[in-house]
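Observations on the model geometry
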Amino acid sequence: MTELQQRILDAVDAGWDEQLAFTRDLIRYPSLRGQEHTAQEFVFKALRGRGYAMDRWAIDVDTIKDHPGFSPVAVPYDNAINVVGTHTPKQASGKSLILNGHIDVVPEGPHDMWSRNPFDPAVEGDWLYGRGGADMKAGIAANIFAVDALKRIGLQPAATLYQQSVTEEECTGNGALSALVRGYTADAAIIPEPEDDMLVRANCGVLWFAVEIKGRPVHVREAGTGSNAILSAWTVIEALRGVEAKWNAEKGMHPYFEDLDHPININIGKIAGGDWASSVPAWCRLDVRAAIYPGVEPKDAAAEIEQAIRRAAAGDPFLSNSPPDVIFNGFFAKGYVLEEGTEAEGMLSRAFEQAYEGERLKSFTTPGYLDGRVFVLYGECPCLVFGPRSENIHGFDERVSLESVRRVTKTIALFIADWCGTETI
Ligand code: ZN
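Let me sum up the structure you'll find in this document. These numbers come from a predicted model, not from an experiment.

What to know about the packing of aromatic side chains
Taken as a whole, this structure holds 14 aromatic pairs when the rule is applied. Centre to centre, the rings of W114 and F396 are 6.5 Å apart; their planes meet at 80°, and the pair counts as edge-to-face. Here W114, found in the loop between β3 (97-102) and β4 (122-124), pairs with F396, found in the loop between β17 (390-391) and β18 (399-401); they are 282 residues apart in sequence, far enough to count as distant. Ring centres 5.7 Å apart and planes at 75° place the aromatic pair F328 and F332 in the edge-to-face group. On the basis of relative accessibility, which here comes to 18%, the residue F328 falls in the buried class. By way of ring pairs, the aromatic residues F22, Y29, F42 and F145 are connected into one cluster. The residue whose ring lies beneath R50 is F145, and the NZ or CZ to ring-centre distance is 5.1 Å. For R399, the ring lying beneath its charged end belongs to W127, and the centroid distance is 3.9 Å.

Here is the structure:
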């Protein structure tokens, strides 16, 4: 380890208390979908105060709707504010870098199933609790404080560096896409998602859709003459489980996925239906998330899903004449594979070994959506999705390991010094 590298590691430690306080502040903003703007205001001010040149905008669907990476959207984007801070060096001598994170968090569910208020962060031992702490406000803070560590020892990146805080990662991926379309590109990108101290080699694409099932409402005394939309939902669910089983059986054809137990999850995430206990329900709606392998086009997967539902409906006397509607209303995103052996990955591995005291960086396949696909598939930019150890993301008592966050921050700081180079402030 060089003297400079040791100074960078020490500088991350010196800023740690401030970093933890910043992360806790960020968790207090309940940046659920449609409510991201207050958290983004906080990030905007934090970056502006550090001297970044600032840009922020609400996602404009018209600018991205014809892009192949666009996902259809059913909600207004008035509060879907993206924030980017740009660092420009005195003299550029290194390679440019995007540090990206998403500010949106998923709904916290019933509070009485949490041990504490999900938006009032708490530290217990090595764990920081709170909705969105792991996924991924600790990562956004790590990005910011990695650059701060360099500044603390009188240095700054000797290349253009962008700090991005984007929206819509949990539902469409349109936030990261909007930043790309706005012109933000670089020689590499890092996204410190909660990946248990590992690098993502491959991930799934994701589709979101609703299935609207109709029924024939009658009084329950003549239920036999009606058609129960809630019971019909089971026909649709069975059809979707059939698609899931078929796609999982094909895993051997998809490199990086063949050893996973169950790479394709089709999740019935939400169900609603009916109006009255004594009426046969006239409607039922399912909200569903399906995964697809990298290389599979969302439109082909969508056609297969629609066909499976149509086939199942054909076997039912009522549904055959009133087939369910399938509405694609969110993620319509491909998966990606991070090419092995890039210069960026080599540098990240070396930085990791120093920050993790000799441990080797492992890579793995994760069957969930990541904004990394925007960079890799459409930005010609190797994207290193690597981040801290966590538990219960998207569940109750979400928590992130503080020691892991500290090491992730050190890894990013060392990577910046190597990839961008450094110059005196
Ligand atoms: Zn995330």
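Points about the coordination of the zinc ion
Every protein donor of the zinc ion is listed here as H102 (NE2), D135 (OD) and E193 (OE), and their distances to the metal cover 1.9 to 2.2 Å. Read N to C, the donor residues that coordinate the zinc ion are spaced as H-x32-D-x57-E. Here D135 is found in helix α5 (residues 133-152), whereas its partner E193 is found in the loop between β8 (189-191) and β9 (199-203), with 58 residues between them in sequence. Residue D135 is classed as buried on the basis of its relative accessible area of 7%.

Brief notes about the sheet that holds strand β15 (residues 363-366)
The three strands lie next to each other as β14-β9-β15, forming an open sheet whose pairing is mixed. The open sheet terminates on both sides in strands that have one partner only, identified here as β14 (336-337) and β15. Judged from the four bridges that link them, β9 and β15 form a sheet pairing that is parallel. When the bridges of β15 are listed, V200 appears paired with F364.

Quick notes on the rules
Residues numbered from 1 in each chain as written. Predicted model: local features only at pLDDT ≥ 70, side-chain atom pairs only at ≥ 80, totals over all residues. Heavy atoms only, no water. Phe/Tyr/Trp six-rings, centres within 6.5 Å; stacked < 30°, edge-to-face > 60°. Helix = DSSP H or I, 4+ residues; strand = E, 2+ residues; numbered from the N terminus. Buried < 20%, exposed > 50% of the residue type's maximum accessible area, 1.4 Å probe, protein only. Lys NZ or Arg CZ within 6 Å of the ring centre and 35° of its normal. Donors = N, O, S within 2.8 Å, 3.2 Å for Na, K, Ca; no water. Pairing = 2+ DSSP bridges.

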